[in-house]
There are 2 protein chains.
Amino acid sequence: MNIGVLGAGQLGRMLALAGYPLGNRFTFLDTTGNPSAGIGDVMVDTDQQHLTEFLSKVDLVTYEFEHLPVPLVQAIEEHKPVHPSSEAIRVCQNRAEEKALFDRLAIPTPAYRLVESAEALEAAVRELGTPVVAKSVTDGYDGKGQAVIKDPANAAEAWRSINHPRLIVEAFVDFVREVSIIAVRGRDGQVVFYPMAENLHVDGILRYSLAPMPDLDAAVQQTADEYIRALLDELDYVGVLTLELFQARDGSLLANEMAPRVHNSGHWTMDGAVTSQFENHLRAIQGLPLGDTAARMPSCMVNVIGQEGEPARLLEIEDAHLHRYGKGERPGRKLAHVNLMAPTHEALVEKVRACAALLPGAPAPRFSFE
Amino acid sequence: MNIGVLGAGQLGRMLALAGYPLGNRFTFLDTTGNPSAGIGDVMVDTDQQHLTEFLSKVDLVTYEFEHLPVPLVQAIEEHKPVHPSSEAIRVCQNRAEEKALFDRLAIPTPAYRLVESAEALEAAVRELGTPVVAKSVTDGYDGKGQAVIKDPANAAEAWRSINHPRLIVEAFVDFVREVSIIAVRGRDGQVVFYPMAENLHVDGILRYSLAPMPDLDAAVQQTADEYIRALLDELDYVGVLTLELFQARDGSLLANEMAPRVHNSGHWTMDGAVTSQFENHLRAIQGLPLGDTAARMPSCMVNVIGQEGEPARLLEIEDAHLHRYGKGERPGRKLAHVNLMAPTHEALVEKVRACAALLPGAPAPRFSFE
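Residues numbered from 1 in each chain as written. Chains lettered and ligands numbered in written order. Predicted model: local features only at pLDDT ≥ 70, side-chain atom pairs only at ≥ 80, totals over all residues. Heavy atoms only, no water.

### Re the overall build of chain A
Alright, step 1. Scanning chain A from terminus to terminus reveals 12 helices and 17 strands.
Alright, step 2. Referenced to the eigenvectors of the C-alpha coordinate spread, the extents of chain A come out at roughly 55 × 50 × 40 Å.
Alright, step 3. A buried classification covers 60% of the 370 residues belonging to chain A.
Alright, step 4. For chain A, the exposed area adds up to about 14,200 Å²; of that, 47% sits on carbon and sulfur atoms.
Alright, step 5. Within chain A, the 50 negative side-chain charges are centred at a point lying 2 Å from the centre of the 33 positive side-chain charges. (Helix = DSSP H or I, 4+ residues; strand = E, 2+ residues; numbered from the N terminus. Buried < 20%, exposed > 50% of the residue type's maximum accessible area, 1.4 Å probe, protein only. Areas by Shrake-Rupley, 256 points an atom, 1.4 Å probe, with all protein chains shown as cover. Lys, Arg positive; Asp, Glu negative; His and termini not counted. Charge placed at Lys NZ, Arg CZ, Asp CG, Glu CD.)

In structure tokens, the structure reads:
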């Protein structure tokens, strides 16, 4: 089966690496003019002239990036199956839609307001109490298009800096840790869940994902499973869905946002789980049986950002698995990740620190359970 | 680093799949006109006009097939590093050279004679005692170019059927099982060893490889390690080397043949070992640190030969990992393999049987330890 992927970055590359062994071939449609997949058949389509040719080559379409024009995806759906559907994209690319869905399914979220002016923003900050996070309802990711407001007097400045006609304003959550749950839904409605990961962000960019968590109550995993299953079923979703959450001091979960795709916080599954998120996404969209999501042992993903360091040194770490993306160095750019595994969490954290010490500019991690 | 691969079949494909995450790119040189790698930059060179272009694209050269003209490989060595070297190819592609090397390093082998006529063949059969196996000294693999002779009177017929000017005649070995050892030698001379595998062949074609073996004496693994280390050091070898052996009833080992490359009996390492043979070959030839060769759990590779069956059914087996090669069906052709893993050998063998039952024409396995 030839799979069409909208987008041609590292997620598409890793999908392809997981898909060749299943007998798939890949055609990527890149609209940025700067594809990095480095594998498969990459069509650069900056002038929107190549969609018909792309569609003629592929049996079904998926994507690695949800900030796609919904009408484009709807148009593709008239010719080829698209998984996940345009409806999933529509909801996930708009924070207001996403929150409305969470509310409708009784998935708890931080308190929020939607505002369309600097004045409304200031009023929302007063209502919710400082600090708050203000975000454009569309387009932002990895900390872009958002601002933390610590004083209502700064609302006007934040409004100007974000520069978007509609913002969502969220109350700050006193969370213990940021976590994520990744699940996969097959064409037949079967759902499988990965163990939740603890995610450490720095400057809004994911740095570390560790799974399974040593101190996670089984009931909390079950709650997360229920939340994401509700989303999957409601959207009649096919493929991998990621839900990022905050875990509060009392263990309870608040949904932050979701991504309708394979996710950086699931990269640990490439080496640490029986079946990777990439393979399971491909199994799902092709109607193949889903693979086991269990973790083989405690695992941690370490992002390599901005500079690669010395790959040879990273490979000296026992049971370290390097995944380079074939991209040039640039500040803030995700260039690779290292998956580390160890028989115990104690040994794992030691390994993660040793790895971080080899990466230029990588902050030492501090996990919630330490 | 851009790696040039001589040959463009499934071994090259799996090298590439292991190499992209290390940051490698791949250019294949196919001289058959029928490449199947389906990945990377494949140059078809049936008229020997593209070698210069191939060499201009790559930083170093390796191969997936040792039946290459030695002068060609020597010519390449004058322009780019080749690992393993042309000397390894020269020895491995000639059974007489190979045996002489085994003898020189005191690695036991079955008794043998070299013959260059039907008469000499008949005399050798009488000397060694029936049955014997007669093989052309060059070019044969997977049971081609050989004959079993059960009566000296049939020597002339075997001579005609093999149709080669020089044969090696080997005494039959009363072995308990066929096994192999795979080792990797780095550019700095470091050597790592995989756990030995038990290999089941049918009609001269490998069907199953299981590792680690539940009943293997540690001293036997150590002996195999010593044999292959002697070969690696003697050849100043860089990369993966495979040595196939017979294990006799008393546990002792007799070397059968070697292959200067990643090997079908090491495909289990893709899912069952900490580092796969493909990744370790690439690490070795690039001068990177070698990865851990330990098995994660009992593993078995099942070849899919001739017909693919239903991939979806194979994926229903828990902890089954399908590796398709993107090739068309044809009797006797290796199309894919399935790696199976289980916590115990008992559970593993059960899984292997379930898998075999799904593959058209696959014989049920019978391992020596059952």
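### Some words on helix α8 (residues 218-234) of chain B
Residue and element names in this part refer to chain B.
Alright, step 1. With 17 residues, α8 extends 24 Å from end C-alpha to end C-alpha; this agrees with the ideal 24 Å at 1.5 Å per step.
Alright, step 2. Those residues of α8 not exposed but buried are Val-220, Gln-221, Ala-224, Asp-225, Tyr-227, Ile-228, Leu-231 and Leu-232. Buried residues of α8, viewed axially, fall in a sector of 165°; they line one side.
Alright, step 3. Of the residues flanking the start of α8, the one acting as N-cap is Asp-217, its side-chain oxygen 3.0 Å from the backbone nitrogen of Ala-219.
Alright, step 4. Once α8 finishes, Asp-236 follows within two positions and takes phi at roughly 45°, a positive value. (Expected span 1.5 Å × (residues − 1). Arc of directions from axis to C-beta. Polar contact = N/O pair within 3.5 Å; in protein donor to acceptor, adjacent residues only side chain to side chain.)

### Considering the interface of chain A and chain B
Alright, step 1. Opposite the 27 residues of chain A that make contact, chain B presents 27 residues.
Alright, step 2. Across the interface of chain A and chain B, roughly 2,400 Å² is buried in total on both sides, 58% from carbon and sulfur atoms.
Alright, step 3. Summed over the three residues of chain A that lose the most area to chain B, namely Tyr-20, Arg-296 and Leu-315 of chain A, the buried surface amounts to 24% of that side.
Alright, step 4. At the junction of chain A with chain B, the criterion picks out 11 residue pairs in polar contact (both at pLDDT 80 or more).
Alright, step 5. Elements represented by at least two residues in the side of chain A that touches chain B include exactly α1 (10-19), α10 (277-285) and β16 (320-324) of chain A.
Alright, step 6. In terms of residue count, the dominant contributor to the side of chain A that touches chain B is β16 of chain A (5 residues).
Alright, step 7. Taken together, the residues of the side of chain A that touches chain B sort by class into 14 nonpolar, 4 polar and 9 charged. (Contact = heavy atoms within 4.5 Å. Buried area = accessible area lost by both parts, 1.4 Å probe. Nonpolar A, V, L, I, M, F, W, Y, C, P; charged D, E, K, R; others polar.)

### Section: the domain arrangement of chain A
All names here are of chain A.
Alright, step 1. Partitioning chain A into domains gives domain 1 (2-82), domain 2 (111-171) and domain 3 (175-357).
Alright, step 2. A C-alpha centroid distance of 23 Å is found between domain 1 and domain 3.
Alright, step 3. Each partner contributes to the interface: domain 1 provides 19 residues, whereas domain 3 provides 21 residues.
Alright, step 4. There are 1 salt bridge connecting domain 1 and domain 3.
Alright, step 5. In this structure, Arg-261 and Glu-66 form a salt bridge, with 2.6 Å as the shortest nitrogen-oxygen distance.
Alright, step 6. Across the contact surface, domain 1 and domain 3 share 5 residue pairs in polar contact (both at pLDDT 80 or more).
Alright, step 7. At the level of elements, α1 and β4 (60-63) are the ones that each hand at least two residues to the side of domain 1 that touches domain 3.
Alright, step 8. The element that contributes the greatest number of residues to the side of domain 1 that touches domain 3 is α1, accounting for 7 residues.
Alright, step 9. For the side of domain 1 that touches domain 3, the class distribution of residues is 10 nonpolar, 6 polar and 3 charged. (Domains from an automatic or database assignment. Salt bridge = Lys/Arg side-chain N within 4 Å of Asp/Glu carboxyl O.)

### Side note on the relation of the copies chain A and chain B
Alright, step 1. The transformation that overlays chain A on chain B combines an axial shift of 0.0 Å with a rotation of 180°, and the residual RMSD is 0.0 Å. Read as a symmetry element, the transformation amounts to a two-fold axis. Nearest to the rotation axis, the C-alpha of Leu-17 of chain A is located 3.1 Å from it, this being the minimum over chain A.
Alright, step 2. Counting the interface residues of chain A, we find that 100% of their copies in chain B are interface residues as well, pointing to one common contact surface. (Least-squares fit on C-alpha atoms with pLDDT ≥ 70 in both.)

### Some points on the packing of aromatic side chains
Residue and element names in this part refer to chain B.
Alright, step 1. Taken as a whole and judged by the stated rule, the model has 12 aromatic pairs over all chains.
Alright, step 2. Measuring from ring centre to ring centre gives 4.8 Å for Phe-175 and Phe-246, while their planes differ by 20°; the resulting arrangement is stacked. Of this pair, Phe-175 sits in strand β9 (residues 175-185) while Phe-246 sits in strand β13 (residues 239-248), placing them 71 residues apart in sequence.
Alright, step 3. We classify Phe-246 as buried; its relative accessible area is 12%.
Alright, step 4. Relative to Phe-367, the ring of Tyr-208 lies with its centre 6.3 Å away and its plane at 75°, an arrangement referred to as edge-to-face. Remark: Phe-367 occurs in the segment after α12 (345-357) and Tyr-208 occurs in strand β12 (residues 205-211); sequence separation between them is 159 residues.
Alright, step 5. On the basis of relative accessibility, which here comes to 2%, the residue Tyr-208 falls in the buried class. (Phe/Tyr/Trp six-rings, centres within 6.5 Å; stacked < 30°, edge-to-face > 60°.)

### Let's talk about the sheet that holds strand β3 (residues 41-44) of chain B
All names here are of chain B.
Alright, step 1. Spatially, the 4 strands line up as an open sheet ordered β3-β2-β1-β4, and their pairing is parallel. The open sheet has two edge strands with one neighbour each: β3 and β4 (60-63). Between one strand axis and the next, the sheet turns by 25° as a mean value, whatever way the strands run.
Alright, step 2. Two strands pair when backbone bridges link them, and strand β2 (residues 25-30) and β3 are joined in this way by 4 bridges, in the parallel orientation. In the sheet register, Asp-30 faces β3, and the bridge partner there is Val-44.
Alright, step 3. The strands touched by helix α10 (residues 277-285) are β1 (2-6), β2 and β4; relative to β4, the strand with the most contacts, the crossing angle is about 145°. (Pairing = 2+ DSSP bridges. Axes fitted to C-alpha atoms, helices over the stretch in contact; angles between N-to-C directions.)

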